[in-house]
Amino acid sequence: MSVRIPQPPTIPFIGNVTSIEPGSPQQSFELLAKKYGEIYQIDLLGNKLIFVSSYALANEVSDETRFQKRVAGGLWEVRNLVGDALLSKAQPEEPNWGIAHRLLMPAFGTIAVKGMMEEMRDISNQLILKVLSFSQSHILIRRIDIISQWERFAFQPVALRPGLILLLDSAPTLSSTLQMTLRGVALDTIAYCSMSYRLNSFYREGQPEFAVAMGDFLLESGKRSARPRVVQAMMRGTTAKYQADIKLMRDLAEKIVSTRRENPIPKHDLLDTMLNSRDPKTGQAMTEESISQNLLTFLIAGHETSSGMYLPSRQEEFSVFTNAQYRNDLRAQIDEVLGTRPIQYEDFASLPYLIAVMRETLRLTPTAPGRATSSLEDTTIGGGKYKIKKGEMIVVMSGLMQQDPSVWGSDADQFRPERMLDGKFEVLPPNAWQPFGFGARACIGRAFAWQEVCLVMASIIQRFDLSLDDPSYTLRIKETLTIKPADLRIRASPRNTGV
Ligand code: HEM
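Summary of the structure given here. (Residues numbered from 1 in each chain as written. Predicted model: local features only at pLDDT ≥ 70, side-chain atom pairs only at ≥ 80, totals over all residues. Heavy atoms only, no water.)

### Concerning helix α18 (residues 446–463)
Given a rise of 1.5 Å per residue, 18 residues ought to cover 26 Å, and the 26 Å separating the end C-alpha atoms of α18 matches this to within 8%. Burial of α18 is extensive: 15 of the 18 residues sit out of reach of the surface. (Helix = DSSP H or I, 4+ residues; strand = E, 2+ residues; numbered from the N terminus. Expected span 1.5 Å × (residues − 1). Buried < 20%, exposed > 50% of the residue type's maximum accessible area, 1.4 Å probe, protein only.)

Spelled out as structure tokens, the structure:
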């Protein structure tokens, strides 16, 4: 017999809008899940959303014969820039996704990504060299403060300190003028590997214009998805800025594509694949518009997700870098395998603890904390308990689902890399670990992200002592399309290892 899906009390016309904090919807959804259980529904201005957070229900709605990805919320707004490219393709009748997917899958495979190792190292070395050069002198750390509701920024020197601070807050509105952010590494790496374009984040004061536009665009896309249309219509200045950011990014991507078409280079990168390959199924080539849109998609889908992986968002997990036990275990293995030499692709297999730390990080704090799906037909889930109508939006809360005690045990909410070691990861139930999504619409950049983060993380731990800049820092989470710790600063001091 079916039961009613729980719902918080509603207010006429606006439903459950007041249950959601505008700046932190994800955290509001998680609080509601803790109160209402494995499934609940809310009404946002007439739109019904169903949230599932237990392993059993998430696994059930991961059945591609019954459910398909739904593009909604901030991701729907991202279509304003990238249309029906890989991440944001919404309807079955949008054919560009299929062409791009089939054509690009091999180019994102492990063998192809292995061939990008030296380009990734090039960017990672830029970060390390810059950190080393700054760490020998005093550095001026600056903070960007939001000075008005229109989101204009003021640069204010706040301290002169010895050593270097890596700013891990990758949020678009709070960043470092020194560009030491790992967001810079992620963005530069994707731009360089995918289209041989150097954003040169580490060779300039302030962020590249493109990176600023992308950050602002993503933030505003998230806000637009929660705004009533009538309010949106009145925000002409904000809309003009949004359109200008879109134009800036589109113009650059189109220029890169047309320049390459006219002046080919002897390098087989992702742009080359898109320009010169054909869809094996239809024989069709990608259009120039679709190529530009997919290049922009790689930058969007890859940079905040990958950069968020370096540091988990939960307070306890800061210990990976700053708690003696985790740091020492990680470092001991890296020292034993690498000594002072640069990491090679073949070393990854000899660094199981590093891999376990990354897997456990993405289990507890998947940087993309939710994904939307919907049923292809009217159906029930939970053994006939909950009725779901065709097309209703279901949000899988990956972060909570990946802490279900039925899979992970009574310490499911604790950070324990050991649970990913010694073959335990390989025998997990299907879909229990899903930070990269699932099925046909799973992350195409998984091998890319994994290799990049392994390389950068191992190189940083090999060379630096890391600690919280402010030991009294209390966790605050910043939400855009992804989640990350807000305004968190990590101090990096070179180790005396001769590396
Ligand atoms: C899709 C996570 C890195 C490109 C996804 C999805 C997730 C995800 C959860 C599915 C989204 C959904 O169902 O709506 C991550 C995480 C990453 C990462 C956690 C890093 C730790 C990357 C990188 C790239 C990339 C580096 C590109 C270079 C994409 C694309 C899609 C996607 C194009 C859409 C695939 C499709 O719909 O066909 N990613 N991602 N991702 N990701 Fe990633």
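Next, the rest of the story.
### Some details on the packing of aromatic side chains
The final tally for this structure, using the stated rule, is 10 aromatic pairs. Ring geometry for tyrosine 36 against tyrosine 40: centres 6.4 Å apart, planes inclined by 40°, an arrangement best described as tilted. Residue tyrosine 36 is classed as partly exposed on the basis of its relative accessible area of 22%. Here tyrosine 345 and phenylalanine 348 contribute two aromatic rings whose centre-to-centre distance is 5.5 Å and whose plane-to-plane angle is 70°, an arrangement assigned as edge-to-face. The exposure class assigned to tyrosine 345 is partly exposed, which follows from its relative accessible area of 28%. One aromatic cluster is present, built from ring pairs that chain together Phe29, Tyr36, Tyr40 and Phe51. Over the face of the ring belonging to tyrosine 192 we find arginine 198, whose NZ or CZ atom lies 4.1 Å from the ring centre. Between the NZ or CZ atom of lysine 267 and the centre of the ring of tyrosine 192, over which it lies, the distance is 4.9 Å. (Phe/Tyr/Trp six-rings, centres within 6.5 Å; stacked < 30°, edge-to-face > 60°. Lys NZ or Arg CZ within 6 Å of the ring centre and 35° of its normal.)

### With respect to the sheet that holds strand β10 (residues 393–397)
Reading across from one edge, β1-β2-β10-β7-β3 is the order of the 5 strands in this open sheet, with mixed pairing throughout. A single partner strand is all that each edge strand has here, and the edge strands are β1 (39–44) and β3 (67–69). Going from strand to strand, the sheet's axes swing by 35° on average, the running direction of each strand aside. (Pairing = 2+ DSSP bridges. Axes fitted to C-alpha atoms, helices over the stretch in contact; angles between N-to-C directions.)

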